[in-house]
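Listed below are the residues making up each chain.
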Amino acid sequence: MSRRPDPRRHTAARPTPARLTAARLTPRRLSLADTLRVGSVGLRTRPTRVLLSALGIAIGIAAMVAVVAVSASSQAAFNAQLASVGTNMLTVTPGKDFVGDPAPLPENAAEMVRHIAPVENAAATGSVKGAKVYRNDRIPKAASRGIGVLGAGLGLPRTVGLHMAAGTWLNGAQSRYPAVVLGTTAAENLGITTPGAQIWLGEQWFTVTGILQKAPLAPELDSAALIGWDAAKAHLGFDGRPTMIYTRTADSKVDQVRGVLAATVNPEAPNEVTVSRPSDALSAKQAANRAFTGLLVGIGAIALLVGGVGVANTMVIAVLERRGEIGLRRALGATRGQIRTQFLTESVMLSALGGISGAALGAGASAGYALSQNWQVVVPPWALGVGVGATMAIGALAGLWPAVRAARLAPRAALSGP
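Residues numbered from 1 in each chain as written. Predicted model: local features only at pLDDT ≥ 70, side-chain atom pairs only at ≥ 80, totals over all residues. Heavy atoms only, no water.

Summarise helix H11 (residues 323–331); cite the residues concerned and give the values.
Looking at H11, one finds that the buried residues are Arg-323, Ile-326, Gly-327, Arg-329 and Arg-330. Buried residues of H11, seen end-on, are gathered within an arc of 165° and therefore sit on one face of the element. Looking one or two places after H11, you find Gly-333, whose phi comes out positive at around 115°. (Buried < 20%, exposed > 50% of the residue type's maximum accessible area, 1.4 Å probe, protein only. Helix = DSSP H or I, 4+ residues; strand = E, 2+ residues; numbered from the N terminus. Arc of directions from axis to C-beta.)

Could you give me a rundown of the environment of Asn-189, with the residues and numbers involved?
Relative to the helices and strands, Asn-189 resides in helix H7 (residues 184–190). For Asn-189, a relative accessible area of 29% corresponds to the partly exposed category. Residues Asn-189 and Tyr-134 lie 55 residues apart in sequence; the distance between their C-alpha atoms is 9.5 Å. What Asn-189 contacts, discounting residues up to four positions off in sequence, is Arg-145 and Ile-147. (Contact = heavy atoms within 4.5 Å.)

Can you lay out the side chain of Ser-351 for me, pointing to particular residues and giving the numbers?
Counting through the fold element by element, Ser-351 comes out in helix H12 (residues 336–372). If sequence neighbours within four positions are ignored, Ser-351 has contacts with Ile-57, Val-311, Thr-391 and Gly-395.

Give a description of helix H9 (residues 254–265) that names residues and reports values.
Within an α-helix, residues lying three or four positions from one another point in the same direction, as the helix has 3.6 residues per turn. If you check H9, its first and last C-alpha atoms are 16 Å apart, about what 12 residues at 1.5 Å a residue would give, namely 16 Å. Within H9, the full set of buried residues consists of Val-254, Val-257, Leu-261, Ala-262, Thr-264 and Val-265. Down the axis of H9, the buried side of the element spans an arc of 160°, and every buried residue falls inside it. Away from its buried face, by an angle of more than 90 degrees, H9 presents the exposed residues Asp-255 and Gly-259. (Expected span 1.5 Å × (residues − 1).)

Describe the confidence of the model for the protein, listing the residues and the values that go with them.
Here the protein averages 80 in pLDDT, while 83% of its residues score no lower than 70. The low-confidence segment residues 17–26 (pLDDT under 50) makes 3 contacts with residues lying over four places distant or belonging to another chain. (pLDDT = per-residue confidence, 0-100.)

Can you lay out the pairing of strand E4 (residues 148–152) for me, pointing to particular residues and giving the numbers?
Most of E4 sits out of view: 4 of its 5 residues are buried. The sheet contact formed by strand E2 (residues 119–127) and E4 spans 3 bridges and is antiparallel. Note that in E4 the partner of Ser-127 across the bridge is Leu-150. The sheet contact formed by E4 and strand E9 (residues 224–228) spans 5 bridges and is parallel. Across the sheet, residue Leu-150 finds its bridge partner in E9, namely Leu-226. (Pairing = 2+ DSSP bridges.)

This is the structure:
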């Protein structure tokens, strides 16, 4: 006898109409690819608005990256410059006496400095008062262009770290005759580019034997005409008193030598001697540049915030214009979270587009400027990362409220229009 199947045994396995309806109404979770594709719809359909909004972000990031990169390149060039010229040079100049008059240095001051054990090199220059420099003897007296005349010791290039742009430095024979070496600025003012020319110096002709390159630690030499110590005495009435003494000492003994230089140069009145370290002035200048860099970074941050406001404005308008799209998606089963994610993703992608473009623009601009200054190109990777990361964070903040607003729209209200 066959047994009829019991319909109750298979009831649990059959999908009921209620279960089918619930399955159809359950929204699918969007994958990352789907989220990016849906979030990019607004960017692809409104390219002009996207370009203008991203431009505000790009300008802020480009300014910040360029400022940081130029500062880093400048710092690298400064470090290279210090490495080439050294930080172990000290200078001695006349100070003031107790009534405020100039206190001249003794004639043998440079020789006395050389007796300090840690001092490796010492050389002096002395101002030749009353001597004027002209391109020729037909130039008016008032057109001397402010070129100073200095008597110089033969060891000056080695002590200061001077290099010749053209020609040679004075030798033992030339230092007794009317021969002159011009600083780079002095040569430019006189229109002299090669050695062998003659200039009218102190009412007589001097032959140019060389032209110096710029002296980072002794900029006063750039605008000077340097002649031999003995020639200055014999031809121009130089009194033989140095007005600047340059010293090179062991790196580890700089502070010790600095402490005894004044007393060595003028034992009777050490307070009438001024001792300085030229590299300190370069460091102070670099510190001022860093402070200025901080100011420019602040300005770039303000521009970035303005760009963020532009992104927020764009997203608010996008929500208003796309109410129909939002209502249709909600009617088809999209959740509030999916709508919110869509517009938040669109805002972040818009900001990222501006950030990446601005980082590339800033890096390119800074590289071009560094190359124009003959600097090493340095673009810190952290600056690029922070720049792009900051734009995405600002994009998320700027798009948060428009995204929440879009998610709160009910399907019927959205489809009915504004």
